[in-house]
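An overview of the molecular structure
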Amino acid sequence: MTTLVPDTALIADPAVYEQGVPYDALRRLRENAPLVWVEQTTSAIPGIPPVPGDGFWAVLRHAQVEEVLRAPRQFSSYLGGTQIFDAPFPPILDELRRMMINMDPPDHARLRSLLTKAFTSRAVARLVERIQQRATALVEAVSEAGSADFAKEVAADLPLLTLADILGVPESDRWLMFDWSNRVIGFQDAEYAESFSFDAQGGTEMARRALAERPKPDANGRMPDPRMRAGMADLYAYARELGEYKRSHPGDDVMSALMQQVDSDGGRIDVAEFENLFWLFSIAGNETVRNALPGGLFALLQNPEQYQLLRERPELVPSAVEEMLRWWTPVIHFRRTATEDTVVADTKISAGQKVVTFFVSANRDEQVFSEPDRFDITRSPNPHVAFGHGPHFCIAAELARAQIRAMVSAVLARWARIEPAGEPVRLRSNFQNGIKHLPIQWTLA
């Protein structure tokens, strides 16, 4: 006998997303109301204590998602962080609050302003040129083979190389970021929990010193909670040494420029702030693009007529990238915490309650997008919220777009036709909409 699971339980369970985003459940819920209450009685993550009765408001309509995200005074990133599941211990929350993604104004505005100044037009142009060259090289490297795991063998390296340029990390150390990112995602997906892809022999002395700080698994084989500083001790050790070096030996990368910026009070980024920004870029900057690239290709595999249209009309690549970001939204949700009693769409929200904006639902909102389940590379306008909205809109959105455009253009130029070569393997996560493995085959152009 089949047990019926409520739609509200489906949208919160990380295991559900291994089979794909529960779009039907999200549609049924938002047809009933723009906001729905989700009873959250367990973390659904091994090793994280359950919090009985600690539910949240799921915000499902496009208009209300934007309304919440542009009102940080009413809906705070700082109070409880930006994840559905609460930090189980107060010291973890204290550490999370030091990251820009979990800050409110004015602290968030100060760091964002300094970062914006560091992303100069000259620096961005140089990055885009390298992105295009590297995307072409990555596609060329596998083209003669006729098949590959696109997610692992092609897509994974482009954001790592781009981040190495942004952060001033030597290319030989870039797979450290792959491991760090996997360990954070491994918080929900066991395949990634103990990732160790970096070859220390090929890295720098700085990398080897950081690896000496790498935490060890416990008796059950689980790594420490990556939200704790001790759980990512090797990342922080690397960031600290890198930040101190860049302060005295600046290069032409964005992070070197950031260390030289001065805020309105004459202050500079200190090493602790640099460490947290390094964490944010290494993890969030990697995961979003790493999941968007195979997600975009999966959209084309599912819609071969759109692939052929793109080959015939390559000028549609920018429009296609926006539709990929809408149709395969890389970040599933972000959480806020209500700072006061308030009302959204006639729904009363109490101070202290979690308010979770579901981007994957807003980007399929029938009130904004006609035939929202259809993948249409000519869709215009396309006001998706894949990069968020309001003061926390992704600061590196244009670089993410540049990477997807470059990869799609490289694929179109080299592969006349693409087909699945096996079943995709999806990420177990209710936060990142990811594909871990995407076997494909192609016919050369």
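Per chain, residues are indexed from 1 in the order of the written sequence. Selection of residues for local features in this predicted model requires a pLDDT of at least 70, selection of side-chain atom pairs for listing and counting requires 80 or more, and totals for whole chains, interfaces and linings are taken over all residues. Here the side-chain values reflect all heavy atoms present in the structure, with hydrogen atoms and water set aside.

This paragraph deals with the overall build of the protein chain. Check the secondary structure of the protein chain and you find 17 helices and 12 strands. For the radius of gyration, the atoms used are the C-alpha atoms, and the globule rule reads 2.2 Å times the number of residues raised to 0.38. Against the compact-globule benchmark of 22 Å for 445 residues, the protein chain has a radius of gyration of 21 Å, which places it among compact chains. In terms of principal-axis extent, the alpha carbons of the protein chain reach across some 55 × 55 × 50 Å. The cut-offs for exposure are 20% and 50% of the maximum accessible area for each residue type, with area from a 1.4 Å probe on protein chains only; residues under the lower value are buried, those over the upper are exposed, and the others partly exposed. For the protein chain, buried positions account for 56% of its 445 residues. Total accessible area computed for the protein chain in this model is approximately 18400 Å², and 52% of it derives from carbon and sulfur atoms. Residues scored as positive are Lys and Arg, those scored as negative are Asp and Glu, and His as well as the terminal groups of each chain are ignored. Where a charge sits is defined by one atom per residue type, namely NZ (Lys), CZ (Arg), CG (Asp) or CD (Glu). If you average the places of the 47 positive and of the 59 negative side-chain charges in the protein chain, the two averages end up 2 Å apart. Only DSSP runs of H or I reaching four residues or more are called helices, and only runs of E reaching two or more are called strands; each is numbered from the N terminus. Residue-level accessible areas treat just the shown protein chains as cover; the underlying method is Shrake-Rupley with a 1.4 Å probe.

Looking now at the sheet that holds strand β12 (residues 439-444). Strands are treated as partners if at least two bridges between them are detected by DSSP. Pairing within the open sheet is antiparallel, and its three strands lie in the order β4-β12-β9. Across the chains shown, the open sheet's two edge strands, defined by having one partner strand only, are β4 (147-149) and β9 (415-420). For this sheet the average axis-to-axis angle between neighbouring strands, irrespective of direction, equals 30°. Summarising the sheet, β9 and β12 pair through five bridges and their orientation is antiparallel. Counted as the bridge partner of E419 is Q441 from β12. Across the sheet, helix α13 (residues 271-302) is in contact with β9 and β12; its angle to β9 comes to roughly 90°. Every axis in this analysis is a line fitted to C-alpha atoms, fitted for helices over the stretch in contact. Angles between the N-to-C directions lie between 0 and 180 degrees. Only heavy atoms enter the contact rule, under which two residues are in contact if any of them lie within 4.5 Å.

Attention shifts here to the pairing of strand β8 (residues 354-358). Counting buried positions over the five residues of β8 gives five, a clear majority of the element. A two-sided burial pattern is seen for β8, the buried positions comprising K354, V356 and F358 on one face and V355 and T357 on the other. One ladder, built from four bridges, connects strand β2 (residues 56-59) with β8; its direction is parallel. Across the sheet, the residue bridging to V59 is T357, located in β8. Pairing of strand β5 (residues 333-338) with β8 involves five bridges; the strand directions are antiparallel.

Next up on the list: the pairing of β5. Across the six residues of β5, six count as buried, placing the element largely inside the fold. Of the two faces of β5, the one carrying H333, R335 and T337 and the one carrying F334, R336 and A338 are both buried. Where strand β3 (residues 75-76) and β5 come together, two bridges link them in antiparallel fashion. The residue bridging F75 from the neighbouring strand is A338, located in β5.

Another aspect to go through is the packing of helix α15 (residues 317-327) against helix α17 (residues 397-414). Relative orientation of the contacting elements α15 and α17 amounts to 115°, with a least axis distance of 10 Å. In this structure, the crossing between α15 and α17 has a hand that is right-handed. Taking contact as the criterion, the partners of V317, P318, V321, E322, M324 and L325 in α15 are, on α17, R401, I404, R405, V408, S409 and L412. With the far helix as reference, a near helix turned anticlockwise by less than a right angle produces a left-handed crossing, and one turned clockwise produces a right-handed crossing.

Let us look at the sheet that holds β5. The strand order across the open sheet built from five strands is β1-β2-β8-β5-β3, with neighbouring strands paired in mixed fashion. Looking at which strands have only one partner, the edges of the open sheet turn out to be β1 (35-38) and β3. Taken strand by strand, helix α3 (residues 62-69) contacts β1, β2, β3, β5 and β8, and its axis lies near 130° from that of β8.

Attention shifts here to the environment of Q306. With respect to the helices, strands and loops of the structure, Q306 is situated in helix α14 (residues 304-312). Separated by 86 residues in the primary sequence, Q306 and H392 place their C-alpha atoms 32 Å from one another. For Q306, the residues in contact, after removing those within four places along its chain, are L300, F375, D376 and I377. Separated by 2.8 Å, the side chain of Q306 and the backbone nitrogen of I377 make a polar contact. Distance and chemistry together define a polar contact, namely a pair of N or O atoms within 3.5 Å, with one atom able to donate a hydrogen and the other to accept it when in protein, and with adjacent residues in sequence counting only for side-chain atoms on both sides.

Any link to function would need more than the numbers given here.
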